[in-house]
Amino acid sequence: MNTLSGSLLSLLRNCSTINQISQIHAQLVVHGFPLHNHFIEKLAEFRCMDYARAIFDRLPVANDFSWNIMIKNYAVNGPPENSILLYCEMLQNSIKPSNFTFPMMLKACSHILAIEEGKQIHAHILKLGNVISWTALMGGYGQAGRPAEMVHLFVQMLISADKVNPNSATMVSLVSACSDLCNYELGRWICAFIDVNNVPLDITLTTALLGLYAKRGMIHKAQKMFDSLPGKNLVSWNAMINCYMQSMMPNEAIQLFDQMYEEGMEPNEITMVSLLSACAVLGALDLGKWLHLYINRSGLNLNVILGTALVDMYFKCGCVDNACHVFVKMPSKDAATWNSMISGLAIHGNSKDALTIFSQMMTVGWLPNDITFVGVLCACNHCGLVQEGLAYFTSMFKKYNITPKVEHYACLIDLLGRAGYVYEVISLVQSMPFEPDAVIWGSFLSACRIHNDVELADRIGQIVVTPVSSNHGSCILLSNIYAAAGWWKDVSVVRRQMKQIGLRKPAGSSWVEVDHTIHRFLADNVTHPKSVEIFELLERLMVHIKNEGYFSSFDLELQNQEIQFQYLSTGEINNLMPALYPPEKVVGVRSRTFKLEAVKS
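1. With respect to the environment of Glu 45
Of note, Glu 45 is situated in helix α3 (residues 37-45). Considered as a pair, Glu 45 and Asn 77 are 32 residues apart in the sequence and their alpha carbons are 9.1 Å apart.

Now the structure itself:
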């Protein structure tokens, strides 16, 4: 390929606007270079199907790949009728359809309920009479979200007069559809069929099975299959790393990447997205920066998905400036990228910047979605922008036709509650189109706590604390409100209720990265190899900050112990106090003991 032509096509891949594509198109025409399928694919990303069709009609040679691209994009972007018309043109031009053509044709027919045309496509597939045709038809039903027809067709294939036996590609189509549709019962049946009939497990089928096992939570079976897989390629490594991430095992994902890298397998963009997600979960900033450097040095394509993962990683690791730098440098952005910026800035307290980014998003033509408004309302919450928050919330359904979800109501309730509009919150909760959940009640109780409205919190408590089901977060928050007001009897009732239904607060955990190694800590856990040194250092730090005048807050641990004391005599309390809270290590405990004695008497 001519150097200039190659450079222009490389620029085409990174275009972020239609104007840029048009400029590259003009350069190719001026220099007499032929048009390319890449133009059609890029224009389809922007849903410019008329422009894409104009390019298609001027291709010097339209091969089956060109036809399939256009048929696919009409089926996806519309109008789907054009997929059917183009398929007819394809046959008239003696271009033979392939197994890539049929799934898109069936998808187009299903979109417009073109039953007769769908039957004709079905007949074309059966006429070819081989396993590829059957597989293509099953793939079409799978992509159309019709697993029952897909399985029925699979059975038809098994009993057909053609005596067609499924191959690994057939099973990949079935497994992938089950995975995408989260139809795990069907997936289990297919896995059993593969085992019983000894269908060859090539690397593609194994990779598809790994994805299915991950979504079913069968991580140990996925590990076993991956370990026994000979000749692992990048796709299989990526699938297993993704399995760990879907199972919320980021440490294991990073360890597997280390193994992969040591074995000489170079990562690609898909690998990097999974690893950056792991870094975001763990707060592993050093590793995240190394991955960013690797992306730049290795020439990986900073596409929208990878760029968004970088932005998200930097925000979740607390590096706002780095996240903003990546965002500005990204050649193209989608709604998820803008959402990540808005949410990240809002969470870090840069609310005005978050709302500015939202305005820019509107200016460049991206429509907000429900995730966008969670970030926007969060930004208003952090700044206390009550009127603006109400205006944004109203615009969701009035201007953008977005139905608010529980997350949006929770943000608005928190915003109103923090600003002191507690009884306006009551009206909002009563007007919701669904029953309040734990998130809503938690936001409501937080407002009561901020404004010391114990009576209202008590009324909410009668709803959220039941013998049948309760949320540990709401129960603990309610208990803290009671305790702060000195309502010890009510504290005991809530704690007893939690104990009766088996509610326990999940153990707190945190991670820290030291010398490229992730260390995880759990509350009350001493299994870390340096736990003795860690606790000794913490003890010295506590002594130091208390000498500087620090008084501990009325925390949950102390409340738990004080609640137990209410059932003891004054003498028993005095005997227990030195063991639980040595005077030389705890400041401000004795006054609380006297308060409890007064309650007891």
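2. Examining the packing of α3 against helix α5 (residues 64-77)
Taken N-terminus to C-terminus, the directions of α3 and α5 make an angle of 5 degrees; their axes are 10 Å apart at the nearest point. Classified by the angle between their axes, α3 and α5 sit roughly parallel to one another. Of the residues in α5, those touching α3 at Asn 37, Ile 40, Glu 41 and Ala 44 are Phe 65, Ser 66, Ile 69, Met 70, Asn 73 and Asn 77. Residues of the contact of α3 with α5, tallied by class, amount to five nonpolar, four polar and one charged.

3. Some points on the pattern of salt bridges
Here the structure, examined in full by the defined rule, presents five salt bridges. Residue Asp 370 is joined to Lys 405 by a salt bridge in which the shortest nitrogen-to-oxygen separation is 2.9 Å. Of this pair, Asp 370 sits in helix α23 (residues 370-383) while Lys 405 sits in the loop between α24 (386-398) and α25 (406-418), and the two are 35 residues apart along the sequence. Because the salt bridges share partners, they merge into one network encompassing Arg 53, Asp 57 and Glu 89.

4. Considerations on the packing of helix α12 (residues 184-196) against helix α13 (residues 203-215)
At a minimum axis separation of 11 Å, α12 and α13 run at an interaxial angle of 140 degrees. When the axis of α12 is compared with that of α13, the two are oblique. Between α12 and α13 lies a crossing of left-handed hand. Residues Tyr 184, Gly 187, Cys 191 and Ile 194 of α12 form the contact with α13, whose participating residues are Leu 205, Leu 209, Leu 212, Tyr 213 and Lys 215.

5. Describing the environment of Met 249
The residue Met 249 is located in the loop between α15 (234-246) and α16 (250-262) in this model. In the structure, Met 249 is positioned 32 residues away from Val 281 in sequence and 9.5 Å away in space, judged by C-alpha atoms. Filtering out sequence-adjacent residues up to four positions away, Met 249 remains in contact with Ile 219 and Tyr 244.

6. Some thoughts on the nonpolar core
By size, the foremost hydrophobic cluster in this structure holds 167 residues, and its most contacted members are Met 171, Met 240 and Phe 444. For Met 171, the residues in contact, after removing those within four places along its chain, are Phe 154, Pro 166, Ile 190, Phe 193, Ile 194, Val 199 and Leu 205.

7. A short note on the side chain of Asp 458
Checked against the element boundaries, Asp 458 lands in helix α28 (residues 454-464). Although Asp 458 lies buried, it forms no salt bridge, and the closest oppositely charged side chain, Arg 459, sits 7.9 Å away as judged by the N-O distance. In this view, Asp 458 contacts Tyr 482, Trp 487 and Asp 490; residues no more than four positions away in its chain are not counted.

8. Things to note about the state of the cysteines
On inspection of all chains with the given rule, the structure shows zero disulfides. Not part of a disulfide, Cys 383 finds its nearest cysteine sulfur in Cys 380, a span of 7.9 Å. Residue classification places Cys 383 among the partly exposed positions, given a relative accessible area of 35%. Here Cys 411 stays unpaired: no disulfide links it, and the sulfur of Cys 378, its closest cysteine neighbor, is 5.9 Å away.

9. Details of the side chain of Ser 340
Secondary-structure assignment places Ser 340 in helix α21 (residues 335-347). Taking relative accessible area as the criterion, Ser 340 reaches 11% and is therefore assigned buried. If we skip the residues at most four places from it in the chain, Ser 340 touches Thr 308, Val 311, Asp 312 and Phe 315.

10. Here we look at helix α4 (residues 49-57)
Considered for burial, the residues of α4 that qualify are Met 49, Ala 52, Ile 55 and Phe 56. One face of α4 carries all of its buried residues, which in axial projection span an arc of 115 degrees. In this fold, the buried residues of α4 make contact with α2 (18-30), α3, α5 and α6 (81-92).

11. Quick notes on the confidence of the model for the protein chain
Looking at the protein chain, the pLDDT average stands at 78 and 81% of residues meet or exceed 70. Of the regions scoring below 50 in pLDDT, residues 553-601 engages in 58 contacts with residues more than four places distant in sequence or in other chains.

Thresholds applied
- For every chain, the first residue of the written sequence is number 1, and numbering continues from 1 along that sequence.
- Thresholds applied to this predicted model are a pLDDT of at least 70 for local features of residues and 80 or more for the giving and counting of side-chain atom pairs; totals over whole chains, interfaces and linings are not thresholded and use all residues.
- The side-chain numbers reported here are obtained from all heavy atoms of the structure, hydrogens and water having been left aside.
- Put simply, DSSP marks the helices as runs of H or I at least four residues long and the strands as runs of E at least two long, and each gets a number from the N terminus on.
- Note on geometry: axes are lines fitted to C-alpha atoms, helical ones only across the stretch in contact, with angles between N-to-C directions running from 0 to 180 degrees.
- What sets the label is the angle itself: under 35 degrees gives roughly parallel, over 145 gives roughly antiparallel, 65 to 115 gives roughly perpendicular, and the rest give oblique.
- Residue contacts follow a heavy-atom distance rule, with two residues in contact if any of their heavy atoms lie within 4.5 Å.
- In this classification, Asp, Glu, Lys and Arg are treated as charged, Ala, Val, Leu, Ile, Met, Phe, Trp, Tyr, Cys and Pro as nonpolar, and every other residue, Gly included, as polar.
- By salt bridge we mean one thing: a side-chain nitrogen of Lys or Arg within 4 Å of a carboxyl oxygen of Asp or Glu.
- Each crossing gets its hand from how the near helix is turned against the far one by less than a right angle, where anticlockwise is left-handed and clockwise is right-handed.
- As used here, the term nonpolar core means buried Ala, Val, Leu, Ile, Met, Phe, Trp, Tyr and Cys residues forming a set that is joined through side-chain atoms within 4.5 Å.
- Relative accessibility thresholds used throughout: buried, under 20% of the residue-type maximum; exposed, over 50%; partly exposed, between the two (1.4 Å probe, protein chains only).
- The charge count treats Lys and Arg as positive and Asp and Glu as negative. His and the chain ends do not count.
- Note on terminology: disulfide denotes any pair of cysteine sulfur atoms within 2.5 Å.
- Taken from the helix axis, the directions to the C-beta atoms give the arc we talk about.
- Residue-level confidence of the predictor is what pLDDT reports, using numbers from 0 through 100.

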